[in-house]
Amino acid sequence: MKSNFVRASIAGALLLALAACGGTEQFTISGTIQGLKNNGLVLANAGKTISVPANATTFSFPDTVEYGNTYDVTVTAEPAHQDCTVFRGDGTAGQMAQLNILIDCRQNEYTVGGKVTGLTVDDLVLANGSNGTVLLKKTMTTYELPPVKDGDTYGVTVLKQPAGLFCTVANGVGVMGEAKVTNVDVTCQPAT
């Protein structure tokens, strides 16, 4: 009996203490980041922004959100050479015991390609290292290989020559920039 009275007294004291200080639970707007390799990521929530440095794996806004208030974390600036997406970035504080926001950043990718001249038969195969191949037919005047990550090296070569022709690649090696490469041209001539 005495134990119940003590428990009731403690519970009452806690309620009074919460009421005296507003009694509202506060939530930190924070989460995890994956794949961030470059500087420049800026996140926003309720008009406040934070800059997140390269290689960060977590983020946290300095201000908290009261129970029942909404939050909406967005990307306002992308890091160099990357795109970042917010998952579970909006909601109402208190719906879950803990906010579980995820920022997923991925390196931009662009295709490598160019013009084809002199291809009079089918079955020319071009390769970009281990990043993929493309089979060219005689009706094709342009081509594209699978995307390459921004900042990675590409090297386009002839993997299989078409029957009776010898094809060469111009501008086949480089470092992927912030746009697709369209000047890796292929010229085919009769084999001698």
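Before reading on, note that the structure itself is shown above.
Residues numbered from 1 in each chain as written. Predicted model: local features only at pLDDT ≥ 70, side-chain atom pairs only at ≥ 80, totals over all residues. Heavy atoms only, no water.

(A) How the structure looks around the environment of Glu 178. Along the polypeptide, Glu 178 turns up in the loop between β16 (173-175) and β17 (185-190). Residue Glu 178 is classed as exposed on the basis of its relative accessible area of 55%. Separated by 68 residues in sequence, Glu 178 and Tyr 110 place their C-alpha atoms 7.6 Å apart. With residues near it in sequence (within four places) discarded, Glu 178 still touches His 81, Tyr 110 and Asp 150. At 3.3 Å, the side chain of Glu 178 and the side chain of His 81 are in polar contact. (Helix = DSSP H or I, 4+ residues; strand = E, 2+ residues; numbered from the N terminus. Buried < 20%, exposed > 50% of the residue type's maximum accessible area, 1.4 Å probe, protein only. Contact = heavy atoms within 4.5 Å. Polar contact = N/O pair within 3.5 Å; in protein donor to acceptor, adjacent residues only side chain to side chain.)

(B) Expanded view of the nonpolar core. Ranked by size, the top nonpolar core spans 20 residues in total, and within it Ile 29, Ile 33, Leu 41, Leu 43, Val 52, Phe 59 and Ile 103 carry the most contacts. At the level of elements, β1 (26-34), β2 (41-45), β3 (48-52), β4 (58-66) and β9 (101-107) are the ones that each hand at least two residues to this core. Excluding residues that lie within four positions of it along the chain, Ile 103 makes contacts with Thr 32, Ile 33, Gln 34, Leu 41, Leu 43, Phe 59, Cys 84, Thr 85 and Val 86. Counting residues in hydrophobic clusters, the runner-up holds 19 residues, among them Leu 136, Val 156, Met 176 and Val 184. (Core = buried A, V, L, I, M, F, W, Y, C linked by side-chain atoms within 4.5 Å.)

(C) View of the pairing of β2. Where burial is concerned, most of β2 is hidden: five out of the five residues are buried. Because side chains alternate across β2, one face comprises the buried residues Leu 41, Leu 43 and Asn 45, and the other comprises Val 42 and Ala 44, equally buried. Note that β2 and β3 share five bridges and pair antiparallel. Pairing of Leu 41 across the sheet is with Val 52, part of β3. Hairpin remark: β2 followed by β3, antiparallel, with two residues in the connecting loop; positive phi at Ala 46, about 50°. (Pairing = 2+ DSSP bridges.)

(D) A look at the sheet that holds β17. The strand order β13-β10-β17-β15 describes an open sheet built from four strands, whose pairing is mixed. In the strand order of this sheet, the two ends are held by β13 (142-149) and β15 (165-170), each with one partner. Between one strand axis and the next, the sheet turns by 25° as a mean value, whatever way the strands run. Bridge count for strand β10 (residues 109-117) against β17 is two bridges, and the pairing is parallel. Paired with Thr 117 across the strands is Thr 187, a residue of β17. (Axes fitted to C-alpha atoms, helices over the stretch in contact; angles between N-to-C directions.)

(E) Structural view of the pattern of salt bridges. Enumeration over the complete set of coordinates arrives at four salt bridges. Residue Asp 104 pairs with Arg 106 through a salt bridge whose shortest N-O separation is 2.9 Å. Taking the relative accessible area as the measure of exposure, Asp 104 reaches 9% and is therefore buried. You can call Arg 106 exposed: its relative accessible area is 54%. (Salt bridge = Lys/Arg side-chain N within 4 Å of Asp/Glu carboxyl O.)

(F) Seen up close, the sheet that holds β4. Strand order in the open sheet made by the four strands is β4-β1-β9-β7, with mixed pairing throughout. Of all the strands in the sheet, the pair left with one neighbour each is β4 and β7 (82-87). Across the sheet, the mean angle from the axis of one strand to that of its neighbour is 20°, orientation sign disregarded. As paired elements, β1 and β4 share six bridges and run antiparallel to each other.

Purely geometric numbers; function is a separate question.
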